[in-house]
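Understanding the architecture of this molecule
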Amino acid sequence: MLRFGLVGCGRIAKRHSELLGYRQINGARLAAVCDTQPARAQMIGKKFSVPHYTSLNEMMSNVELDAISVLTPSGIHAENVIALAPYRKPIVVEKPMALTLPDADMMINACEKHGVPLFVVKQNRFNLPVVKLREALEAGRFGKLFLGTVRVRWSRSQEYYDQDAWRGTWALDGGVLANQASHHIDLLEWMMGEVESVFAKAITAAVRIETEDTAVATLKFRSGAIGLVEATTAVRPKDLEGSISIFGERGSVEIGGFAVNELKVWNFLNKDDEDATVMEKYSVNPPNVYGFGHQAYYEHVVDCIKSNSRVLVDGKQGRRSLELITAMYESIETGREIALPVIPNKSRLGKV
């Protein structure tokens, strides 16, 4: 039974702590929690009858752990991971893995130096419809891809941003592209391949924050295909969808729902025996934007640790989508199309 410690007890920690604390992950349990705000650490610690701490080093020195999940604000992920790496325990870090490419590189280097597996949370890759989409892609059912799009149409009120001073800041959070849409951008790049260039625009439409709450970006992939990212947290009064659509010369698939979890379209020129039932099997919309993927993601982590198998999204994979997001912010600030790989100059992401 792998013993997990959680570092950071904010909003997303509720999901992680319930999965581990209620023993919903085979082979894993919650063993300790840590947060610099004592009340938050105490609340989750008492709820699941595990020790709670306000110091990362204190937790690591007092509890025997097999893995640690870093759930702190994005801008301090690097600081946390680098501090944890010498303990030589596998590290899970929430998305985005960092807000700057140098921070991501330092995280990767620290984990490699100490022989530590680094897992970046991209739970939507484990959604059942997404798994089927990837299978169809790898089987060549689409033929040549020509267009891929993602849409994040969610609602985040001023109250949401006012819960913590770091929310909606350049230094610690980023806007809708870096935060809410990072999963969808990862999926788009995973399906469509490497990006050659990107052009993006953004506005702050509905709340008082430093960063953007609404953005669009057009992408050119190295394959010659094109793509579109549409992302907003300014939808009112409630969440509408988190979707991906992939189009090829021989097929089209759209996955929608709140969390890329509901199969909407599954059409191919060349039919497969499973096609008749796939819509019925994979058309369930989750109850909220977190979807069902975290459980499958943690089961993947446990399997990788126990069997030393390949990590689906390691630090280098997590860096890929961060670089694309960074290029989007560079385009927003410069008003120009940005080629990848990028060395950012004007992007404000991760800066005070």
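1. Looking at the pairing of strand β12 (residues 251-256)
As paired elements, strand β11 (residues 241-248) and β12 share five bridges and run antiparallel to each other. Within β12, the residue paired with I246 across the bridge is V253. Taken together, β11 and the strand that follows it, β12, pair antiparallel across an intervening segment of two residues. Inspection of the sheet shows β12 paired to strand β13 (residues 262-268) by six bridges, in the antiparallel sense. Across the sheet, residue G251 finds its bridge partner in β13, namely F268.

2. Thoughts on helix α10 (residues 293-307)
For α10, built from 15 residues, the straight-helix expectation of 21 Å at 1.5 Å per residue is met to within 8% by its first-to-last C-alpha distance of 21 Å. Turning to α10, its buried residues are G293, H294, Y297, Y298, H300, V301, V302 and C304. Packed against the buried residues of α10 are β1 (2-7), α1 (13-21), β2 (28-34), β4 (67-70), β5 (91-93) and β6 (118-120). Taken from the residues just after α10, N308 is the one with a positive phi, measuring 55 degrees.

3. Side note on empty space enclosed by the protein
Evaluation of the coordinates by the stated rule reveals one cavity of 30 Å³ or more. Of the voids in this model, the largest cavity is the one considered here, and its volume is about 40 Å³. Forming the boundary of the largest cavity are R125, D186, E189, W190, Q317, R320 and S321. Residues belonging to the lining of the largest cavity are distributed by class as follows: one nonpolar, two polar and four charged.

4. What about the environment of G251?
Mapped onto the elements of the fold, G251 is located in strand β12. G251 sits 108 residues away from G143 along the chain, and the two C-alpha atoms are 7.6 Å apart. When residues no more than four places from it in sequence are discounted, the contact partners of G251 are R141, F142, I246, N267 and F268.

5. Examining the side chain of S182
Take S182: it is sitting in helix α8 (residues 182-192). Residue classification places S182 among the buried positions, given a relative accessible area of 0%. Dropping the residues within four chain positions of it, S182 is found in contact with K95, P96, K122, L177 and I325.

Parameters and conventions
- Residues numbered from 1 in each chain as written.
- Predicted model: local features only at pLDDT ≥ 70, side-chain atom pairs only at ≥ 80, totals over all residues.
- Heavy atoms only, no water.
- Pairing = 2+ DSSP bridges.
- Helix = DSSP H or I, 4+ residues; strand = E, 2+ residues; numbered from the N terminus.
- Expected span 1.5 Å × (residues − 1).
- Buried < 20%, exposed > 50% of the residue type's maximum accessible area, 1.4 Å probe, protein only.
- Contact = heavy atoms within 4.5 Å.
- 1 Å grid on protein atoms, 1.4 Å probe; cavity = no way out; pocket = protein on both sides within 12 Å on 5 of 7 lines; lining within 4 Å.
- Points joined across faces, edges and corners; volume = space filled by probe spheres on them.
- Nonpolar A, V, L, I, M, F, W, Y, C, P; charged D, E, K, R; others polar.

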